[in-house]
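Architecture at a glance
Residues per chain are reported as follows:
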Amino acid sequence: MTDNREVFKDLVRRNTEQVQGGGDFTVFDELFADGFTDHTPQPGITPDKEGVRALYTGLRTAFPDLHAEIHWQTVDDDKVTTFKTYRGTHHGEFLGIAPTGRPISFDTVDVFRVHNGQLTDHWGVANLLGVLIQLDSLPGQTTL
């Protein structure tokens, strides 16, 4: 039996680097299964492949230089867990916040399920509160 751990990690890495970081939606269509399910969708985003496409497009519009540093990845059966830090500059509307030109960074932990060479499921946690603080957009915020 072939060990697929590195193949699975590479699929997730390609999503992070080529799609999220590079805006290559041809690769997106290759990586994401048509029946994809996001088990932790962002508010207002559908939990399917088209919802993820909308999320990624919105992030790339808000932060055109968005890129991630992958700190580590691990594989358990058919699931790849990745801890990474995203960085970018706020040049488009994000969560209703007009562009500020400010740099942002936030940590994320993602889990993707891989089946038949494609991403089929996602669970994740992102520190979006940290982004709001960096954009100085919390109501009544003075300092932390």
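The protein chain has the name Ester cyclase in an unreviewed UniProt entry, where Mycolicibacterium cosmeticum is given as its organism.

1. Here we look at the environment of proline 47
Within the secondary structure, proline 47 is located in the loop between strand E1 (32-38) and helix H3 (49-62). Here the alpha-carbon distance between proline 47 and histidine 122, two residues 75 residues apart in the chain, equals 9.3 Å. Apart from residues lying up to four places away in sequence, proline 47 is in contact with Phe36, Thr37, Asp38 and Pro41.

2. Examining H3
With 14 residues, H3 extends 20 Å between its outermost C-alpha atoms, agreeing within 8% with the 20 Å of an ideal straight helix rising 1.5 Å per residue. Of the residues making up H3, those classed as buried are Lys49, Gly51, Val52, Tyr56, Leu59, Arg60 and Ala62.

3. Structural notes on the side chain of histidine 122
With respect to the secondary-structure elements, histidine 122 resides in strand E5 (residues 118-126). Residue histidine 122 is classed as buried on the basis of its relative accessible area of 10%. In terms of polar contacts, histidine 122 uses its side chain to reach the side chain of aspartate 110, at 2.6 Å. Beyond its immediate stretch of four places on either side in the chain, histidine 122 contacts Phe36, Thr37, Asp38, His39, Thr40, Asp110, Val111 and Phe112.

4. A word on the sheet that holds E1
Overall, mixed pairing links the five strands, which are arranged E1-E5-E4-E3-E2 in an open sheet. Each edge of the open sheet is held by one strand with a lone partner, namely E1 and strand E2 (67-76). Direction aside, neighbouring strands of the sheet carry axes that sit 25 degrees apart on average. With nine bridges joining them, E2 and strand E3 (residues 79-89) adopt antiparallel strand pairing. The residue bridging tryptophan 72 from the neighbouring strand is phenylalanine 83, located in E3. Strands E1, E2, E3, strand E4 (103-115) and E5 of the sheet are contacted by helix H1 (residues 5-20), whose axis makes an angle of about 160 degrees with E2. Of the strands in this sheet, E1, E3 and E4 are in contact with H3, which crosses E1 at around 80 degrees.

So, how was this worked out
- Residues numbered from 1 in each chain as written.
- Predicted model: local features only at pLDDT ≥ 70, side-chain atom pairs only at ≥ 80, totals over all residues.
- Heavy atoms only, no water.
- Helix = DSSP H or I, 4+ residues; strand = E, 2+ residues; numbered from the N terminus.
- Contact = heavy atoms within 4.5 Å.
- Expected span 1.5 Å × (residues − 1).
- Buried < 20%, exposed > 50% of the residue type's maximum accessible area, 1.4 Å probe, protein only.
- Polar contact = N/O pair within 3.5 Å; in protein donor to acceptor, adjacent residues only side chain to side chain.
- Pairing = 2+ DSSP bridges.
- Axes fitted to C-alpha atoms, helices over the stretch in contact; angles between N-to-C directions.

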